[in-house]
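# Report on the structure
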Amino acid sequence: MGNGIYYLGPLGSYTHEASLILKGKKISKQTISEVFYEVSKNNSKGIVPIENSREGPINETLDNLFKYDNVYVNYEKELNINIVIASNKNIKDFKEIKRIYSNYYAIQEAKDILLKIDAKEIIQVESTSKAALLASKDKEGAALCSSYAAKIYKLKILQKNVQDGINITRFIIISNKIKKKGDKTMVFFIVKHKPGSLYNVLKVFYKNNINLTMIYSRPLKEKIWNYYFYVEFEGNLIQKNIKRALNSISAVSENLKIKGSFSKV
């Protein structure tokens, strides 16, 4: 484990909750980028969110996976996201709430309850656990967070399950070591800005009978209106058809980054 397991904190975040399956000292960081930085520099592991079933991929995670060539995906963990609205114990009902703290994704996932409460301020912070911490110090504040965070920060839960429908977040466990066995594999690549470039890559997956489970594009930071692609597919790096496909993709794409094979834990 090296220097421990880094996670998006603070204490009580959904990532912290997901990290409890891992053995080792847990070290909280304020941002996803800080988790990646620590993992890239130390012989350690990290856990970060990568996708939400309602809001899609987590852009900061994707950008860091593309950025760090020495950070790989070893496992994935799914967590049911049950959002509660919790407040300082001075608040007795929704009418007394003046401010609601939470992160971007929880705010998007609980729009219905936010419309009902009609709070004057919705304050976006780094994580749901940071929201719980702030609400614990605010006599007129509440947080959209987990019941786990509410318990840690001694908040009163006013209502449970305020998310709009089924809500699951995928987390990835990252390290400096590439894993070749698993149910799925993750890669990143760039294609030339000309007709047929992306088709030439996707054609390789089709010819090798490989099923894609995710494809997504993100803008390149250093080149305006150009993009990198993030792909997950079934199969692992030991399989012959996967090896053959990746060799072919490297010939028709640029900057192919193989992030390893992984399974659920």
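All of the points below concern the structure found in this document. In this text the structure is predicted, and so the values were computed from the model without any measurement.

The rules behind these values
- Residues numbered from 1 in each chain as written.
- Predicted model: local features only at pLDDT ≥ 70, side-chain atom pairs only at ≥ 80, totals over all residues.
- Heavy atoms only, no water.
- Axes fitted to C-alpha atoms, helices over the stretch in contact; angles between N-to-C directions.
- Helix = DSSP H or I, 4+ residues; strand = E, 2+ residues; numbered from the N terminus.
- Parallel < 35°, antiparallel > 145°, perpendicular 65-115°, else oblique.
- Contact = heavy atoms within 4.5 Å.
- Nonpolar A, V, L, I, M, F, W, Y, C, P; charged D, E, K, R; others polar.
- Patch = residues over 30% accessible without salt bridge, like charges linked within 9 Å, V, L, I, M, F, W, Y side chains within 5 Å.
- Areas by Shrake-Rupley, 256 points an atom, 1.4 Å probe, with all protein chains shown as cover.
- Salt bridge = Lys/Arg side-chain N within 4 Å of Asp/Glu carboxyl O.
- Lys, Arg positive; Asp, Glu negative; His and termini not counted.
- Charge placed at Lys NZ, Arg CZ, Asp CG, Glu CD.
- Buried < 20%, exposed > 50% of the residue type's maximum accessible area, 1.4 Å probe, protein only.
- Phe/Tyr/Trp six-rings, centres within 6.5 Å; stacked < 30°, edge-to-face > 60°.
- Lys NZ or Arg CZ within 6 Å of the ring centre and 35° of its normal.
- Pairing = 2+ DSSP bridges.

For the pair helix H8 (residues 197-207) and helix H9 (residues 240-252), interaxial distance at closest approach is 9 Å and the crossing angle is 170 degrees. With respect to each other, H8 and H9 are oriented roughly antiparallel. On the side of H8, the interface is formed by Asn200, Val201, Val204 and Phe205, while H9 contributes Ala245, Ser248, Ile249 and Val252. Across the contact of H8 with H9, the residue classes break down as 6 nonpolar, 2 polar and no charged.

Among the surface-exposed residues, Lys180, Lys240, Lys243 and Arg244 lie close enough to one another that they form a single positively charged patch. Its location among the elements puts arginine 244 in helix H9. On the basis of relative accessible area, arginine 244 is assigned to the partly exposed category, the value being 45%.

To continue, consider helix H2 (residues 32-41). Considered for burial, the residues of H2 that qualify are Ile32, Val35, Phe36, Glu38, Val39 and Ser40. Among the structural elements, strand E1 (5-8), strand E2 (26-29), strand E3 (45-52), helix H3 (59-67) and strand E11 (168-175) are those in contact with the buried residues of H2.

To continue, consider the packing of aromatic side chains. We describe a pair of aromatic rings using the distance from one ring centre to the other and the angle between the two ring planes. With the rule as written, the count across this model stands at 8 aromatic pairs. Ring geometry for tyrosine 104 against tyrosine 105: centres 5.1 Å apart, planes inclined by 85 degrees, an arrangement best described as edge-to-face. Residue class for tyrosine 104 comes out partly exposed when judged on its relative accessible area of 36%. We classify tyrosine 105 as partly exposed; its relative accessible area is 22%. Among the aromatic residues, those joined into a cluster by ring pairs are Phe66, Phe188, Tyr228 and Tyr230. The ring of phenylalanine 66 carries the charged tip of lysine 257 above its face, separated from the ring centre by 4.8 Å. Above the plane of the ring of tyrosine 72 lies lysine 259, whose end atom (NZ or CZ) is 5.9 Å from the centre.

Right, let's get into a nonpolar patch on the surface. A contiguous nonpolar surface patch, about 400 Å² in accessible area, is contributed by Ile224, Trp225 and Tyr227. Following the sequence through the fold, tyrosine 227 ends up in strand E14 (residues 227-234). The class for tyrosine 227 is partly exposed, based on a relative accessible area of 36%.

This brings us to the sheet that holds strand E10 (residues 156-159). One open sheet holds the 5 strands; their spatial order is E8-E7-E9-E6-E10, and the pairing between them is mixed. Each edge of the open sheet carries a strand with a single partner, namely strand E8 (121-124) and E10. Neighbouring strand axes in the sheet, compared pairwise and without regard to direction, differ in orientation by 30 degrees on average. Here strand E6 (residues 84-87) runs beside strand E9 (residues 141-145); their pairing, made up of 4 bridges, is antiparallel. Bridge pairing in E9 links serine 87 to alanine 142.

Relative to strand E15 (residues 254-264), strand E5 (residues 72-80) runs parallel, the two sharing 2 bridges. When the sheet's bridge partners are listed, tyrosine 75 is paired in E15 with serine 263. Across 5 bridges, the pairing between strand E12 (residues 184-190) and E15 is antiparallel. Bridging from a neighbouring strand, valine 187 pairs with isoleucine 258 of E15.

Coordinates in, geometry out; function isn't part of it.
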